[in-house]
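# Examination of the molecular architecture
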Amino acid sequence: NFNNYGFTGCVNFFNVNFDNMRFDLKNGHCEDSLNIVNSNGFIKSIDIQNAFSDALDMDFSNIKIDELIVNKAGNDCSDFSGGQYKVNISNLNYCGDKGISVGEKSYIELNKLFVYNSAIGIASKDSSISYITDAYLENVNKSMSAYNKKQEFLGGILDLKKIECKNFLAKLDKD
């Protein structure tokens, strides 16, 4: 479902330069609770609770986030596409699909990543590079996944320094 401007979020930002922003969103009933497109800057914190579908969707942006918290998303807790991203601390719980989804030639650095009770902990796909310093994944079907989804891209890369996985069905899924 797109609005009149072609965006899918309950809250949308396009061509914005962020400087130490904070977001608290609850009960988003859109395809994306927070949708950020073609933007830059630093976001101090994002806290999204009870998202109908994707909690956070970022496209074609260059964003640094100090703290990302998501609790209950019907689909992905966070989705990063076509840009460069850095997240210091991520605490993601009850993601219907992926805790972190990285795609379409994105580069992401994740410092401390915690994913609980989700289908997939982290997915890196379609010519994306995901660099993870420290991750803890618990109660996930697949801890990590690296693959090619769209024919115009290559596969995804996961570069992991330290990872701990507990209670999972598959630690790594790759093509």
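Right, let's walk through the structure included here. (Residues numbered from 1 in each chain as written. Predicted model: local features only at pLDDT ≥ 70, side-chain atom pairs only at ≥ 80, totals over all residues. Heavy atoms only, no water.)

### Some points on the pairing of strand β6 (residues 62-73)
Pairing between strand β4 (residues 40-51) and β6: ten bridges, direction parallel. Of the residues in β6, the one forming a bridge with Ala-51 is Ala-73. Bridging between β6 and strand β8 (residues 84-95) involves ten bridges; their strand directions are parallel. Along β8, the bridge assignment pairs Asn-62 with Gln-84. (Pairing = 2+ DSSP bridges. Helix = DSSP H or I, 4+ residues; strand = E, 2+ residues; numbered from the N terminus.)

### Things to note about the state of the cysteines
Going through the model one piece at a time under the given rule, you end up with two disulfides. Between the sulfur atoms of Cys-10 and its disulfide mate Cys-30 the distance is 2.2 Å. Here Cys-10 and Cys-30 share a disulfide; its torsion about the S-S bond, 110°, makes the bridge right-handed. Placement of Cys-10 in strand β1 (residues 9-14) and of Cys-30 in the loop between β2 (17-26) and β3 (32-37) is noted, with a sequence separation of 20 residues between them. The class of Cys-30 is partly exposed, set by a relative accessible area of 24%. Disulfide partner of Cys-77: Cys-95, at an S-S distance of 2.1 Å. A torsion of -100° about the S-S bond marks the disulfide between Cys-77 and Cys-95 as left-handed. Residue Cys-77 is located in the loop between β6 and β7 (78-81), and its partner Cys-95 is located in strand β8; the two are separated by 18 residues in the primary sequence. The buried category is assigned to Cys-77, whose relative accessible area is 0%. Judged by its relative accessible area of 3%, Cys-95 is buried. When the cysteines engaged in disulfides are numbered in sequence order, the protein chain pairs them as 1-2, 3-4. (Disulfide = S-S within 2.5 Å. Buried < 20%, exposed > 50% of the residue type's maximum accessible area, 1.4 Å probe, protein only.)

### What to know about the pattern of salt bridges
Pairing between side chains of opposite charge can happen when their charged atoms approach one another. Scanning all chains against the criterion turns up eight salt bridges. The salt bridge partner of Asp-66 is Lys-44, with a shortest N-O separation of 3.0 Å. Separated by 22 residues along the polypeptide, Asp-66 in strand β6 and Lys-44 in strand β4 bring together distant segments of the chain. A relative accessible area of 22% means that Asp-66 is categorised as partly exposed. (Salt bridge = Lys/Arg side-chain N within 4 Å of Asp/Glu carboxyl O.)

### Describing the side chain of Asn-35
With respect to the helices and strands, Asn-35 occurs in strand β3. Residue class for Asn-35 comes out buried when judged on its relative accessible area of 3%. For Asn-35, the side chain forms a polar contact with the side chain of Asn-12, separated by 3.4 Å. With near-sequence residues (within four places) excluded, Asn-35 lies in contact with Phe-7, Thr-8, Gly-9, Val-11, Asn-12, Phe-13, Asp-57 and Asp-59. (Polar contact = N/O pair within 3.5 Å; in protein donor to acceptor, adjacent residues only side chain to side chain. Contact = heavy atoms within 4.5 Å.)

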